[in-house]
Amino acid sequence: MKVVKFGGSSLADAKQFKKVKEIILADDERKYAVVSAPGKGEKNRHKVTDLLLMCHQLASHGLNIEEIFVNIRIIFKSIVADLDLDIDIDSILDEISCNIQMGSSIDYALSRGEYLNARLMATYLGWNFVDSKDLIFFNGELLDDEKTEESIGRILSDLEYSVIPGFYGSNEKGEIQAFSRGGSDVTGSLIANGVRADIYENWTDVSGFLVADPRIVHDAKTIDYVTYKELRELSYMGAPVLHQDAIRPVKKLRIPINIRNTNDPENPGTTIVEDYSDSFAKHDITGIAGRKGFTVITTEKTFMNADLGVFRRIASVFETNEIPIEHIPSSIDSVSVIAESGKIADKLPNIIEEIKIYTDPDEIKVEDKISLIAIVGKGMINRVGISSRIMTAVARAGVNIKMINQGSSELNVIIGVEDRDFEKAIEAIYNEFE
Ligand code: ASP
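Thresholds, definitions, all that
- Residues numbered from 1 in each chain as written.
- Predicted model: local features only at pLDDT ≥ 70, side-chain atom pairs only at ≥ 80, totals over all residues.
- Heavy atoms only, no water.
- Helix = DSSP H or I, 4+ residues; strand = E, 2+ residues; numbered from the N terminus.
- Buried < 20%, exposed > 50% of the residue type's maximum accessible area, 1.4 Å probe, protein only.
- Contact = heavy atoms within 4.5 Å.
- Areas by Shrake-Rupley, 256 points an atom, 1.4 Å probe, with all protein chains shown as cover.
- Lys, Arg positive; Asp, Glu negative; His and termini not counted.
- Charge placed at Lys NZ, Arg CZ, Asp CG, Glu CD.
- Pairing = 2+ DSSP bridges.
- Near = heavy atom within 4 Å.
- Polar contact = N/O pair within 3.5 Å; in protein donor to acceptor, adjacent residues only side chain to side chain.
- Nonpolar A, V, L, I, M, F, W, Y, C, P; charged D, E, K, R; others polar.

S.K.: What's the story with the overall build of the protein in this structure? I'm lost.
M.R.: Broken down by element type, the protein carries 14 helices and 18 strands. Each principal axis of the C-alpha atoms in the protein carries an extent, and together these give about 80 × 55 × 40 Å. Split into buried and exposed, the 434 residues of the protein put 53% on the buried side. Across the protein, contacts joining residues at least 24 apart in sequence account for 74% of those joining residues at least 6 apart. Total accessible area on the protein stands at roughly 20200 Å², and carbon and sulfur atoms take up 50% of it. The centroid of the 49 positive side-chain charges in the protein is displaced by 2 Å from the centroid of its 69 negative side-chain charges.

Structure, rendered in structure tokens:
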């Protein structure tokens, strides 16, 4: 049995609704559908959630929301009209607008796009509508995992063929509480876990993850299988397609997440799995991701290796200055700390002074405009020669490698290059392993 989740661009208008219905009905195993609010589309210039946020802001300043809310009315009313749905959309919209105008919570306002879309989709499919406020529970800021899992299992097992709004649940007081933005992915995961689905299909507007950023490698291939861990490494570096909290709920039962494209339903997309048998690891690397804009601060000191606690003292300088450390490559007499340049900003003079006080170094070197590129792949484990192929490919492209870091998990190799060489290095690595 499958849980399907459709993102905002998959449900932006009546044309998209039709595609979604076709997808859902094409497979009888698809028994629970989680929906986002209408996103940007051919007709919609703004996401409904953004419009709702604006309405809430207006209301909280005592201003009339109708000037903005009218756009929300247009979006939902045209879906209802185009699909000829039997639902009194005007009174539902009036009630929501009234509640927001009268000072509803921000989470209530934000969640109404998903609520409305789920009501419409349930009507369109002739399926049950089940409100997420009765399925997903928060305890303060955190999710109440046990209560949520129990409620989903109990309520939905008797209600096959249900549509559930994404993005929110309720708190101890029964009030609506939303996830962070993009949170419908998490709803889909929680439902998949609660109903013990065999697979969680997450339908969006791309056919899964690509091996490299298509703005750099134009014909980049799609990743067929990726493990949860690999994905974590790749999305830490690149643009996430999936909300980062969407992995945790399905991890326990090892439910695969299949990322699919509503506009290209035949494409198998990318499947995220706990582990894949080595026969699937046809390729040596799974993906390449990277980011520009790092600073490397290198402390050099003769006999540093004998100086007890020197790493801790250097690290504490970053901690007290509240700068997260990304990597710490080291050699016998030097240690480099790599952090995001934007986070260091004007704290640099202070950091250098404090490292001097703590370590009495021979020299401190600072280099900025450094890019980090992660080459990720379970296929690298125990396979000889991957690092050397990466180095050779990058060298052949005339790029100087500033730093190399391979975690002992052997899941990835991270290299540091100058920002101006970033694209060239990624292309060279992609072509080597293609
Ligand atoms: N509609 C919400 C947002 O725009 C949640 C979601 O789409 O997942 O963030």
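S.K.: I'm lost on the pairing of strand S13 (residues 287–300) in this one. Help?
M.R.: The side chains of a regular strand alternate, first on one face of the sheet and then on the other. Among the 14 residues in S13, 10 count as buried, and that is most of the element. Note: S13 against strand S16 (residues 363–376), 11 bridges, orientation antiparallel. Bridging across to S16, Glu 300 finds its partner in Glu 363. Sheet analysis places S13 next to strand S15 (residues 334–340), joined by 7 bridges and oriented antiparallel. In the sheet register, Thr 298 faces S15, and the bridge partner there is Ser 336.

S.K.: Explain the sheet that holds S15 to me, please; I cannot follow it from the model alone.
M.R.: In a beta sheet, neighbouring strands pair by backbone hydrogen bonds and run either parallel or antiparallel. Spatially, S14-S15-S13-S16-S18-S17 is the arrangement adopted by the 6 strands of the open sheet, whose pairing is antiparallel. Edge positions in the sheet fall to strand S14 (330–331) and strand S17 (403–406), since each has one partner strand and no second. Alignment of S14 against S15, held across 2 bridges, turns out to be antiparallel. What sits directly across from Ser 330, in S15, is Val 335.

S.K.: Which parts of the structure should I look at to understand the site of the ligand?
M.R.: Around the ligand, the neighbouring residues are Ser 36, Lys 47, Thr 49, Glu 114, Phe 167, Arg 181, Gly 182, Gly 183 and Ser 184. Here an oxygen atom of the ligand sits 3.2 Å away from a polar atom, N or O, in the side chain of Lys 47. Here a nitrogen atom of the ligand and a side-chain polar atom of Thr 49 are 2.8 Å apart. Coverage of the ligand by the protein amounts to 93% of the 260 Å² it exposes when considered alone. Its residues assigned to classes, the shell around the ligand shows 1 nonpolar, 5 polar and 3 charged.

S.K.: It is not clear to me how helix H8 (residues 228–237) should be interpreted in this structure. Could you clarify?
M.R.: An α-helical turn contains 3.6 residues, so any two residues separated by three or four positions project in the same direction. Along H8, the positions that sit buried rather than exposed are Tyr 228, Glu 230, Leu 231, Leu 234 and Met 237. Summarising the contacts, the buried residues of H8 are in contact with strand S10 (225–227), helix H9 (248–251), strand S12 (270–273), S13, S16 and strand S18 (412–418).

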